[in-house]
Every structure is written in structure tokens, then in C-alpha cells.
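# Topology and contacts: notes
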Amino acid sequence: MDLVRIFDTTLRDGEQSPGFSMTPDEKLRLAAQIEELGADVIEAGFPIASEGDLEAVRAVAGGIRGAATAALARAAQQDVDAALRALEPATRPRVHVFLATSDLHLEHKLHMTRGEALDRIVRMVRYARQRCPEVEFSAEDASRSDPDYLAEVAVAAADAGAAILNLPDTVGYATPEEYATMFRQVRARLGKRAVTLSAHCHNDLGLAVANSLAAVATGARQVECTINGIGERAGNASLEEFVVALRVRGDRFALRTGVRLNQIYRTSRLLSAITGVPVPPNKAIVGANAFAHEAGIHQDGILKNPLTYEIVSPETFGIPARRLVIGKHSGRNALRTRLEELGCPLSGEPLEAAYRDVMELADRSKTVGDRDLLRIAIRARRSGQSAAAHSPEPSAAQGAA
Ligand code: KIV
Ligand code: ZN
């Protein structure tokens, strides 16, 4: 199976979004875990942005050994120089040069003609490549660029020394079909040049993972993504969702990544702990509800065979265990199982009594916590025992029944 390289940009694109800034020390702690997770490249920051970010990239570059360290730079010499300085301690440095290629950005943001932008891209990629063994070029807003011009830029950047060409859907506008077509067109124009195409998708329409999958289906072999899907505006493609989709739908994508699935949950929670931003409960793969079941029919199915309502087991990701949430939609089977797990098994009339009390409580509060469950179960067991003690001896006929 072909390998898709994972370029983690949690510390750069992710960190750029409100509420997610990290100190150099925090970046280093998270980078160590992202390396443990199995990312191939860790983009540690944008060194020209501030002295602090340069220091953070330098700390990460010196602290990780297995993954490559990338530093972002606009196509400008002072940016590339800052990136090179920050990457000095790296064993595997990568300078990541970018410039927008859409007419919208060229005209309104950069005030450049297409020709000027092309010339600058070639000069800066060449400059970076003369000083760094690995250079990536990103055509910002690629998905809204003129396809012909984008292909011309890609060929020129490759010939100037970029080994990786990234075609971002910067504003999360593309559909999977459109994004795949763009990759096909650029690949066709690159001919036999040995460059890796890379996807970088934002989630403004909730399509970031779908677009990343569409890109790898057409031959992209690097995907840029973030832990918990954090990133500018609605975020980037979520690393865990992309990797797990490739794994679970191996029947559609005969592709693999180097990610250790059992490190996913730990990495997600470390990011939350460092930034203080909780993971939304309904977040795929790592949200608290991703493997929680409250509805009675679902709980019953899960208890009979987890495949009924789970496409993959939570333990695969290092998630402690599936949660049976007891609430007003739960059934007796789930309550019995949860009480067994809590060390207070019930059956027969005491289980019925406990079920009635639990449903009554659940009507008033959203879910019923373990303490309440235990209190109700103990009461039901006690009243079941005292009822048995006071009932008359069963007759021979009743005993035989
Ligand atoms: O979204 C984007 O286009 C980017 C580039 C700088 C790679 O983040
Ligand atoms: Zn981005």
C-alpha cells in the first residue's frame, strides 16, 4: 500500500486561530507527542511573525528527531532567512515557501501581476533550496486560481527546486470533485517530475476531510492537517478523521499512513489540556460522545454486537472504553450492564424497581450519573431483600414453577 505522509500543522495553522496560542515550551511538549503519534512532518510555526515564534520553531527543531521540522515563509527573502535561522538545529529541516496564486489575492492583497508572482516564486524557491535540503511550495488559494496559471506556477516551482507542491483550498470553498480535478490537471502538467503533491484543506463548508480524501484518491501523497481539526476560521482537515477514514475505508483507499492510532486520543487531550480549549462532545473520533450510547435501541444493539452502531472500536485510538450513558432513552439491558460495571448487579424485581426510579430521575435531569445509579440500585436491592424476607414460604407447587 502506498504511503500518505502526514504533515501536521497544529503548531502553525492551528496555533494561528483564536484561543490556541502556545508558548515555545508548550509547542515543544505537543510536538514530542505529535512525533510519538507518527506524523512525518511537523510544521512548528512562522518564524518571521515574532521572535517568540522563531524561538518556538527552533525549540521544536532541536527537540524532535524522527519527523521533519517545517517552518513557514512568505516568498520573501527576510521570511526565508528567518525560517532558515529557526531551523538551524533541525536534523530534517524543511522551508515551506508560499505565495497566493488566485487573481483575487494577487490583485487585492499582493498588488502583483501573475508574471511578477511567478518570478518571485521561482527566485524564493531557488534561494531556499540553495540553503535547505528540502523545500515545499504552497500556492495559497490554489482552488480559486486559474487552472492554467496554477499549473504553470507548479512546473516553475518544481524546476526551481520544490520537492513538495501544496495546493491549498485556503478558504474551504472547493467541492471534492473540483479539488480532485485540480490535482489531476497539475499532475498532468508536471509530467515525470518527481514531486509530491500535497493537500491542505480548510473546513469552512465542512468538507476539509472529504477534500483531502479526494486529493489522495487522485495521487496526492501528503496531507496537511491538525489535531482536533483546529486552524484558521472553521479549522483545517482533522488529522484523526482523515487517518481513521483511510483505515476504516481501506476497501476504497488502498493507502496507509505512519500514524499510531493508539496515540490519537492522548494527543487530542494533550492539545486540549495545553490550550484549555475543550473538544466538542460531538467531534468525530475524539469527542466525548463519539462512542457514547444513550438511546435504548442503540445500547441494546451495542451490547449484543458493537458493530451494530460502531464502525470502529474506541480502544483502537487509546480511548479508555465505550460509554453507556444512562438517560431517559436507555433500556433495561443497558441499565443492568452499567450496574454490573459499577459492581452492583441487579435482576428481576429489584432491576425493575431501579429502572422505574432511574427513568423518573432521567425525566427531571438530562442524564443519570453513577452516584445516582448506585444510590437507586442499593435502595432497590435492599427493598427487594426485605420483601423476600417478609414473603411467606413458597408452596411446593410455586417452588416447582
Ligand atoms: O491555507 C493556506 O493556504 C495556508 C498556506 C500558508 C499553506 O495555510
Ligand atoms: Zn491553511
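Structure report, in brief. (Residues numbered from 1 in each chain as written. Chains lettered and ligands numbered in written order. Predicted model: local features only at pLDDT ≥ 70, side-chain atom pairs only at ≥ 80, totals over all residues. Heavy atoms only, no water.)

### Details of empty space enclosed by the protein
Within the structure shown, the criterion is met by one cavity of 30 Å³ or more. Counted as a void, the largest cavity has a volume near 40 Å³. As for the largest cavity, its lining consists of F137, A139, L150, V153, A154, L165, N166 and L167. When residues of the lining of the largest cavity are traced back to their parent elements, those giving at least two are β6 (135-140), α7 (147-160) and β7 (164-169). Considered class by class, the residues forming the lining of the largest cavity number seven nonpolar, one polar and no charged. (1 Å grid on protein atoms, 1.4 Å probe; cavity = no way out; pocket = protein on both sides within 12 Å on 5 of 7 lines; lining within 4 Å. Points joined across faces, edges and corners; volume = space filled by probe spheres on them. Helix = DSSP H or I, 4+ residues; strand = E, 2+ residues; numbered from the N terminus. Nonpolar A, V, L, I, M, F, W, Y, C, P; charged D, E, K, R; others polar.)

### Focus on unusual backbone geometry
The phi angle at N228 is positive, at roughly 60 degrees, despite the residue not being glycine. In this structure, N228 sits in the loop between β9 (222-225) and α10 (239-248). A relative accessible area of 13% places N228 in the buried class. Positive phi outside glycine occurs at R233, with the angle close to 55 degrees. (Buried < 20%, exposed > 50% of the residue type's maximum accessible area, 1.4 Å probe, protein only.)

### Let's talk about the site of ligand 1
For ligand 1, the full set of nearby residues is R12, D13, H96, F98, S138, E140, N166, P168, T170, H200 and H202. Here an oxygen atom of ligand 1 and a side-chain polar atom of R12 are 2.9 Å apart. Considered on its own, ligand 1 offers 260 Å² of accessible surface; in the complex 95% of this is hidden by protein. For the shell around ligand 1, the secondary-structure elements that each account for two or more residues are α1 (10-14), β5 (93-100), β6 and β7. A class-by-class count of the residues in the shell around ligand 1 yields two nonpolar, six polar and three charged. (Near = heavy atom within 4 Å. Polar contact = N/O pair within 3.5 Å; in protein donor to acceptor, adjacent residues only side chain to side chain. Areas by Shrake-Rupley, 256 points an atom, 1.4 Å probe, with all protein chains shown as cover.)

### Looking at the pairing of strand β4 (residues 68-74)
Counting buried positions over the seven residues of β4 gives six, a clear majority of the element. Looking at chain direction, strand β3 (residues 41-45) and β4 are connected through four bridges and run parallel. Each bridged residue has a counterpart across the sheet, and for I42 the counterpart in β4 is T69. Crossover β3 to β4 through helix α3 (residues 51-63) is right-handed. Relative to β5, β4 runs parallel, the two being bridged by six bridges. Along β5, the bridge assignment pairs A71 with V95. Each parallel crossover has a hand, and for β4 linked through helix α4 (residues 77-86) to β5 it is right-handed. (Pairing = 2+ DSSP bridges. Right-handed = clockwise from strand over helix to strand, strands pointing away.)

The values reported here are purely geometric and, on their own, carry no functional implication.
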